[in-house]
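Summary of structural features
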Amino acid sequence: MADTLKFEDRVVVVTGAGAGLGRSHALEFARRGAKVVVNDLGGSTHGEGKGSEAADKVVAEITAMGGQAVANYDSVEDGDAIIQTAIDNFDRVDVVVNNAGILRDTSFAKMTDQDWDLIYRVHVLGAYKVSKAAWPYMQEQEYGRIINTSSAAGIYGNFGQANYSTAKLGLFGLTQTLAIEGAKKNIKVNAIAPVAGSRMTETILPPEVVKALKPEFITPLVVKLCAEDNKESGGLYEVGAGWISKLQWERTQGAKFNPSEGFSAEDVADNWDQICDFTDAEKPKTANDSFVPVFTNLGIKIPGM
Ligand code: NAD
């Protein structure tokens, strides 16, 4: 199929682009004409060490196919420096793919403060710093596309990943609020929860599964969400092996108690089945939507709700 989603004159920053998913995204954006900042700290999956080789290799791959790319070796914690690389070399920044990531898996009982902090710093602080540095440029040019890389571990929880789950669902919170704040300036922000074979998953999945779950199967969704005509914002998508699905919040109709009469834990217990009954579940789209039954139960009408 002919490429209709083009990125000529667009500057794309992909963090953690020296391997795995990030490399695949960077190559595809470059193939579609983008000027790409290939950021990678070049450390281990556990966040130890650093080096320039990973980013340099991907820049060389892009250059060899006739594309344009520049390497950056900063940690995403130094988001300003990464965006400055885009400005110094290409004069603008249109797309940010927050993809860099590490793991420090261990049960909550054994988790150290360092395990907690490192995961927070790379995933949450890193996405914040890179997006925050790009934001004024995107506002000024009234154009921006941001992808945050979440995870099933964040959406559903996973044994041994309390630090990672917290960070990854936090990125969806960031996505939803930036989508609201960016709307007026044509800045679209979305999140993906991928499953792919990479050095991150090669220790937990059989080799044939790692090989089959190609990172290249994640990239088409990322490219679609970063395209000029993309209208989606604030979404979260599960993606892997050629399957792509959008998620949304759902809640039960709930049970109502009379606030002026008061109610007890026993009343809550007696109505537990109704509180948890997903028949006719509703799907609030905004925080204001979500508050409607609260104010209705008080008998108060808030303008605009
Ligand atoms: P990967 O290890 O192959 O790639 C991650 C890259 O990020 C590495 O090249 C690494 O050097 C780089 N990086 C790490 N810390 C960095 C930092 N501080 N600054 C800059 N670069 C840094 O792993 P991957 O599977 O390609 O993971 C990419 C993203 O996808 C991660 O955010 C990961 O959490 C997420 N993810 C992956 C899967 C999966 O199935 N592979 C599932 C859910 C989420």
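Just so it is clear, the model here is predicted, and its values are computed rather than measured. (Residues numbered from 1 in each chain as written. Predicted model: local features only at pLDDT ≥ 70, side-chain atom pairs only at ≥ 80, totals over all residues. Heavy atoms only, no water.)

Looking now at the overall build of the protein. Secondary structure assignment for the protein yields 11 helices and 8 strands. Relative to the globule expectation of 19 Å for 305 residues, the C-alpha radius of gyration of the protein, 21 Å, shows essentially globular dimensions. With the C-alpha coordinates aligned to their principal axes, the bounding extent of the protein is approximately 70 × 45 × 40 Å. As displayed, the protein offers around 16000 Å² of accessible surface, 54% of which is attributable to carbon and sulfur atoms. For the protein, the distance from the average position of its 30 positive side-chain charges to the average position of its 40 negative side-chain charges is 5 Å. (Helix = DSSP H or I, 4+ residues; strand = E, 2+ residues; numbered from the N terminus. Rg over C-alpha atoms; globule rule 2.2 N^0.38 Å. Areas by Shrake-Rupley, 256 points an atom, 1.4 Å probe, with all protein chains shown as cover. Lys, Arg positive; Asp, Glu negative; His and termini not counted. Charge placed at Lys NZ, Arg CZ, Asp CG, Glu CD.)

This part takes up the domain arrangement of the protein. Each assigned domain of the protein is listed here: domain 1 (11–247) and domain 2 (248–305). Each of domain 1 and domain 2 has a C-alpha centre, and the two are 36 Å apart. (Domains from an automatic or database assignment.)

Attention now moves to the side chain of Thr45. By the secondary structure assignment, Thr45 is in the loop between β2 (35–39) and α2 (53–64). Look at Thr45 and you get buried, because its relative accessible area is 16%. Side-chain polar atoms of Thr45 contact the side chain of Arg199, separated by 3.3 Å. Here Thr45 is in contact with Ile102, Leu103, Arg199 and Met200, once residues within four sequence places are set aside. (Buried < 20%, exposed > 50% of the residue type's maximum accessible area, 1.4 Å probe, protein only. Polar contact = N/O pair within 3.5 Å; in protein donor to acceptor, adjacent residues only side chain to side chain. Contact = heavy atoms within 4.5 Å.)

We now examine unusual backbone geometry. At Asp91, a residue that is not glycine, the phi angle is positive and equals roughly 75 degrees. Position of Asp91 relative to the elements: it lies in the loop between α3 (79–90) and β4 (95–98).

Here the focus is the packing of α3 against helix α4 (residues 113–141). At a minimum axis separation of 7 Å, α3 and α4 run at an interaxial angle of 40 degrees. With respect to their mutual orientation, α3 and α4 come out oblique. The two elements α3 and α4 cross, and the hand of that crossing is right-handed. Facing Gly79, Asp80, Ile82, Ile83, Gln84 and Ile87 of α3, the residues of α4 in contact are Lys129, Val130, Ala133, Ala134 and Tyr137. Taken together, the residues of the contact of α3 with α4 break down into 7 nonpolar, 2 polar and 2 charged. (Axes fitted to C-alpha atoms, helices over the stretch in contact; angles between N-to-C directions. Parallel < 35°, antiparallel > 145°, perpendicular 65-115°, else oblique. Left-handed = near helix turned anticlockwise from the far one by under 90°. Nonpolar A, V, L, I, M, F, W, Y, C, P; charged D, E, K, R; others polar.)

Attention now moves to α4. Each full turn of the α-helix corresponds to 3.6 residues, which orients residues three or four apart in the same direction. The terminal C-alpha atoms of α4 lie 40 Å apart, and with 29 residues this matches the ideal 42 Å at 1.5 Å per residue to within 8%. Along its length, α4 reaches its greatest deviation from straightness, about 35 degrees, at Arg121. Backbone geometry just after α4 places Glu142 at a positive phi near 50 degrees. (Expected span 1.5 Å × (residues − 1). Bend = angle between axes of the 7 residues up to and from the residue.)

A word on the site of the ligand. Neighbouring residues of the ligand: 30 residues in total, closest Asp40, Asn99, Tyr164, Ala196 and Ser198. Within the contact set of the ligand, a nitrogen atom lies 3.0 Å away from a side-chain nitrogen or oxygen of Ser75. A distance of 2.8 Å separates an oxygen atom of the ligand from a polar backbone atom of Ala196. When isolated, the ligand has an accessible area of 820 Å², and the protein chains bury 96% of it. At the level of elements, α1 (20–31), α4 and α6 (162–182) are the ones that each hand at least two residues to the shell around the ligand. Taken together, the residues of the shell around the ligand sort by class into 12 nonpolar, 14 polar and 4 charged. (Near = heavy atom within 4 Å.)

Counting residues in hydrophobic clusters, the biggest one holds 32 residues, and the most contacted among them are Val14, Ala26, Phe29, Val36, Val38, Ile62 and Ile192. Of all the secondary-structure elements, those providing two or more residues to this core are β1 (11–14), α1, β2, α2, β3 (68–72), β4, α8 (219–226) and β7 (236–240). Ala26 has contacts with Val14, Ala17, Val36, Val38, Val58 and Ile62, leaving out every residue within four places of it along the chain. Among the nonpolar cores identified, the runner-up in size contains 31 residues, and Val70, Ile83, Val93 and Ala153 belong to it. (Core = buried A, V, L, I, M, F, W, Y, C linked by side-chain atoms within 4.5 Å.)

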